[in-house]
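Architecture and fold: a report
What follows is the residue order along each chain.
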Amino acid sequence: MSDSPVKAREIETEGLSQGKIILKKFLQHKPAIAGLIFMILFTIFVYSASGIHLGSDQARITIQGWWKYSHEDLLPMGVCASGCPSADHPFGQISNGRDYFALVMRGSEISLMVMVIIGSLGAFIGTVIGAVSGFFGGIIDAVMMRFTDFIITVPSILIGAVIGHNFGPQGVVVLAVFLGIFAWTGLARLVRGEFLTLREREFVDAARVAGASNTRIIFKHILPNSVGVIIVSTTLLLSSSILIETGLSFLGFGVKAPDVSLGLLINEYQSQFTFAPWLFWWPGLILILIALSINFIGDGLRDAFDPRQRRDVKRRAMAKKAAQQTATANQ
Amino acid sequence: MLSYVGRRIGIALLILFGSTFLSYNLAAYSGDPLAAIRESTDPKKETIIAELTKAYQLDVPPPARYFLWLQKVLGVLIGKPDFGIAVSTRIPVIDSLALAIPNTVRLVTLATILAIVIGITFGIISAIRQYSRLDYSLTFLAFVLFSLPIFWVAVLLKEYMAIGFNDFLAKPQIELQWNLIASLILGLIVAGFVGGTRKRFLISWGVAFAIFFALFFFASATNWFLNPSLGIIGVAVLGGLTSVGLCHVFAGLQNKKAFYAGLTSAGIGVAMYYPFNLLANGSANYQMIIGFALLMLVVSYFVGYLFTKVDKGPVITVSMLSAVFISLYTVLDRFMQSWQQYFVETDGRPIQTMSAYNITLDSNDFWIINLDIITHLILPTTALTLISFAGYLRYSRASVLEVLSMDYVRTARAKGIPEREVILRHALRNAMIPLTTLIAFDIAGLLGGAIITENVFGWRGMGSLAAEAIGAQDLNLLMGTFSITAFLAVMATLAADVIYTVLDPRIRIRG
């Protein structure tokens, strides 16, 4: 930092709110910021490229995107008969002439949507169950944790199969909702652990002595203190849910044709790896970039919310400074 | 404690009942098992449908049919479980399971052990050298691996590790520029682990580069990849180096007793080289290999025991691990001796991309048969290890960092205990406690969790069986695989809780 030592000390002693400290630390985490910027730009890019498609077959609301082809258009083969990438089709074409860029955009759109639905539903249910379980303890805790064990045993592939059979290709949202209903177990355990420790703390006793109700203690005292754990595990849930969706689609129990998702695209074109590798690389790279960005954001948030992290960074900066000083002294 | 475990087992059974009931009904409503027959043009299809409906009691609504199924399965209590007959294949489910379980176990065991060992080792190194370049690189690597879908990795491995390597074997010479690049990268990795000041880093990079370059050059010049072997000299050199390395890690090189005990064990291993090969060429079987391994373990234990009077722990560790490694090198060398023959039998394409073993392989030789199993294992094991080791790396790093900031670690350091002992005796033992829970859960998830891997590599295991059963709406087959997976999952949760309380006495069971 180029700041003068005096100014740095002023910043150090200035009273910062919890939120500001966390924001500052998060902004210093370069991979997390890179991930966040990528996710924002990529989401805008994807949704503006393929447009927005809502509603059922009967009443479809469609806002056209800026990309000239739709993923459903059957086009004549372009310059390259084998469908290799060209100026007109940057990601190439598949054998029946569809534009692969449009397909990948549509696939990313679906995968992102499924990810957000699973993540937010899972985070909500997990937080509620973990909070109630950890706060009340005793018999309620025991029952809820055994219920969690029960949910863990239900395989997601089975849910995919049931939804696929009963709702057909239109069931993407339903699939995401049901996967979300079963995806909260890990998060609930973590939140419960956090609540178990926090409820023993003095400030909870103080609030209770002051006459606060359980609801007030949970929402005003414990929840703000455990928001770090919740946010961090939500990001982890998001990155794992995009892998769950793509894995299911890969096996044929997730998103079904004619709709597309990144996993489905990888599955369909893995056999063409030798002669049309771009069909395999694009969806895979996008999928990895999404998962990687979210993992980095999660890591940045974890560091930002962890009060102990600060000391380590400071110690390291101090060690660096000391090394510099000895180096200059030796010269 | 006992009453706690007893109650938990009772609840576990209840959960098992609930989850099998839910899954049975979910599966029953996921499709019509007779759909294929209904759509066929067979004139007798009405009778077939009626027959199957009766045989599989499809006229009974699923919630009630579950109890008919449960009644048969509960035969497990009298030692005769009946999982029914698969609708699609007409084979008893228990037979399919008996074929699938060994494949899955073979697939996941090695991968899990590797992932745990490599992940925890790297996690510890990463934590000890927090905020070093190595730590940042390992963290980045872990995040990339976390984000990889296994089916994507699998396709790449097939393309480059199997097909690419097999093509390379047609003309097994590494060209000079590739040798340079590979040696530079490998040297960089080694130097990263050695670490230290910039000067030390550059020196170790240079030395490692020279060694790798010379080895690759030698391997190309002598067609080593076609006819690999270590020989007794190679085994001795590798074993000796490993034993010195182990001594450095577990006892420190200034501990002469550990140093000599390790070398003695390695020496015994070298002395066993010819007797082992003599036996191995005669009638090799699993009993012989296990017997050899046990003998080496017992002997090396006594070597460690005899070398010391006090503080036997580290010496025995070094001695026994040296014995383990030199035995591994000896067995590896024996496999290498069969490599050329296997190479010929597979028409020059030894690394396999599909299925668990080669059914057309025509050989009775123990080493060839096992080499066949190994070449089929390489790809799925690599894929599974890569994906799952990142998790262990992150968890063990966090856990070790947490423990290293504890007061008792500071106390140990203040007492003047060497850093190695602080980490090995005070920090690691405590850091590993939370990891046991993770490991217990992972092991439970493994038998059912390798669905995608088995699918991509064409293995007939539990996962592919389940996927197939769901695809064919085969309720009996699905429930067969599912009840085993669910049973293991429930038991692992229980085991994790119990192990945790045993390892960490601070955690008390209430009630």
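Residues numbered from 1 in each chain as written. Chains lettered and ligands numbered in written order. Predicted model: local features only at pLDDT ≥ 70, side-chain atom pairs only at ≥ 80, totals over all residues. Heavy atoms only, no water.

In this section: the overall build of chain B. In terms of helices and strands, chain B carries 20 helices and 0 strands. Taking contacts inside chain B between residues at least 6 apart in sequence as the whole, the part at least 24 apart equals 74%. Put simply, chain B shows about 25,700 Å² of open surface, and 70% of that area lies on carbon and sulfur atoms. Between the mean site of the 36 positive side-chain charges and the mean site of the 29 negative ones, chain B shows a separation of 14 Å. (Helix = DSSP H or I, 4+ residues; strand = E, 2+ residues; numbered from the N terminus. Contact = heavy atoms within 4.5 Å. Areas by Shrake-Rupley, 256 points an atom, 1.4 Å probe, with all protein chains shown as cover. Lys, Arg positive; Asp, Glu negative; His and termini not counted. Charge placed at Lys NZ, Arg CZ, Asp CG, Glu CD.)

Once that is clear, we can look at the overall build of chain A. A count of helices and strands for chain A gives 13 helices and 2 strands. Looking at chain A residue by residue over its 331 residues, the buried ones come to 47%. Counted over contacts in chain A with a minimum sequence separation of 6, partners at least 24 positions apart contribute 67%. For chain A, the accessible surface area stands at approximately 16,600 Å², while carbon and sulfur atoms represent 65% of it. (Buried < 20%, exposed > 50% of the residue type's maximum accessible area, 1.4 Å probe, protein only.)

Residue and element names in this part refer to chain A. Here the structure, examined in full by the defined rule, presents 13 salt bridges over all chains. Note that Glu200 is salt-bridged to Arg199, the shortest N-O span being 3.2 Å. Assessed through its relative accessible area of 55%, Glu200 is described here as exposed. Taken together, the shared-partner salt bridges in this structure form one network comprising Arg146, Asp149 and Arg189. (Salt bridge = Lys/Arg side-chain N within 4 Å of Asp/Glu carboxyl O.)

This next bit is on the packing of aromatic side chains. Per the stated rule, a full pass over the model turns up 45 aromatic pairs over all chains. Ring plane angle 5° and centroid distance 4.0 Å describe the contact between Phe91 of chain A and Trp282 of chain A, whose orientation is recorded as stacked. Taken together, the residues span a long stretch of sequence, with Phe91 of chain A in the loop between strand E2 (61–63) and helix H4 (100–136) and Trp282 of chain A in helix H12 (residues 278–305) at a distance of 191 residues. A relative accessible area of 33% means that Trp282 of chain A is categorised as partly exposed. On the basis of an interplanar angle of 85° and a centroid distance of 5.8 Å, the ring pair of Trp224 of chain B and Phe225 of chain B is categorised as edge-to-face. Site record: aromatic cluster; members linked through ring pairs are Phe17, Phe21, Tyr24, Tyr66, Phe67 and Trp69 of chain B. A cation sits over an aromatic face here: Lys256 of chain B above Phe259 of chain B, 5.6 Å from the ring centre. (Phe/Tyr/Trp six-rings, centres within 6.5 Å; stacked < 30°, edge-to-face > 60°. Lys NZ or Arg CZ within 6 Å of the ring centre and 35° of its normal.)

A word on a nonpolar patch on the surface. All names here are of chain B. Residues Trp178, Leu180, Ile181, Ile185 and Ile189 make up a contiguous nonpolar surface patch of roughly 480 Å² in combined accessible area. Note that Ile185 resides in helix H8 (residues 176–194). Classification of Ile185 by relative accessible area gives partly exposed; the value is 47%. (Patch = residues over 30% accessible without salt bridge, like charges linked within 9 Å, V, L, I, M, F, W, Y side chains within 5 Å.)

By the secondary structure assignment, Ser96 of chain B is in helix H5 (residues 93–128). Leaving out residues up to four positions away in the same chain, Ser96 of chain B has contacts with Ile91, Leu465 and Leu477 of chain B.

What follows is about the nonpolar core. Looking at soluble globular proteins, one finds that nonpolar side chains tend to be buried together. Ranked by size, the top nonpolar core spans 167 residues in total, and within it Tyr100 and Ile290 of chain A carry the most contacts. The element that contributes the greatest number of residues to this core is H4 of chain A, accounting for 17 residues. Val235, Ala284, Trp339 and Leu361 of chain B belong to the second-largest nonpolar core, a separate cluster that totals 27 residues. (Core = buried A, V, L, I, M, F, W, Y, C linked by side-chain atoms within 4.5 Å.)

Facing 42 residues of chain A, the contacting portion of chain B comprises 46 residues. Of the roughly 3,800 Å² buried between chain A and chain B on both sides combined, carbon and sulfur atoms contribute 75%. Contact with chain B buries area across many residues of chain A, yet Arg146, Thr153 and Leu158 of chain A alone supply 15% of it, more than any other trio. Taken together, chain A and chain B are joined by 1 salt bridge. Its salt-bridge partner being Asp299 of chain A, residue Arg394 of chain B comes within 3.3 Å of it at the nearest N-O pair. Across the chain A-chain B interface, the total number found is 4 residue pairs in polar contact (both at pLDDT 80 or more). At the level of secondary structure, the elements contributing two or more residues to the side of chain A that touches chain B comprise helix H5 (138–152), helix H6 (156–167), helix H10 (214–251), helix H11 (262–269), H12 and helix H13 (307–330) of chain A. Considering every element that reaches the side of chain A that touches chain B, the biggest residue donor is H12 of chain A, with 12 residues. For the side of chain A that touches chain B, the class distribution of residues is 23 nonpolar, 11 polar and 8 charged. (Buried area = accessible area lost by both parts, 1.4 Å probe. Polar contact = N/O pair within 3.5 Å; in protein donor to acceptor, adjacent residues only side chain to side chain. Nonpolar A, V, L, I, M, F, W, Y, C, P; charged D, E, K, R; others polar.)

A word on unusual backbone geometry. Residues and elements named next belong to chain B. Of note, Tyr131 is a non-glycine position whose phi angle comes to about 65°, a positive value. Topologically, Tyr131 is positioned in the loop between H5 and helix H6 (133–146). Of the residues examined, Tyr131 reaches a relative accessible area of 18% and is grouped as buried. A positive phi is found at Asn223, a non-glycine position, where the angle reads about 55°. Assignment of secondary structure puts Asn223 in the loop between helix H9 (198–221) and helix H10 (231–250). Look at Asn223 and you get partly exposed, because its relative accessible area is 30%.

All right, on to the domain arrangement of chain B then. When its domains are assigned, chain B resolves into domain 1 (2–97 + 460–503) and domain 2 (173–222). Between the C-alpha centres of domain 1 of chain B and domain 2 of chain B the distance comes to 54 Å. (Domains from an automatic or database assignment.)

We now examine the environment of Thr222 of chain B. All names here are of chain B. Relative to the elements of secondary structure, Thr222 occurs in the loop between H9 and H10. When its relative accessible area of 42% is taken as the criterion, Thr222 is described as partly exposed. Within the structure, the side chain of Thr222 is placed 2.8 Å from the backbone oxygen of Phe218, a separation counted as a polar contact.

The next subject is the side chain of Asp141 of chain A. With respect to the helices and strands, the residue Asp141 of chain A is situated in helix H5. Excluding anything up to four places from it in sequence, Asp141 of chain A contacts Ser133 and Arg192 of chain A.

For residues with low pLDDT, the predicted coordinates do not support detailed interpretation. Residue and element names in this part refer to chain B. In this model, chain B carries an average pLDDT of 84, and 97% of its residues clear a pLDDT of 70 or more. Summarising per-element confidence for chain B, the mean pLDDT is lowest in helix H2 (residues 35–39) (72) and highest in helix H16 (residues 407–414) (92). Per the prediction output, this complex has pTM 0.84; the corresponding ipTM is 0.78. (pLDDT = per-residue confidence, 0-100.)

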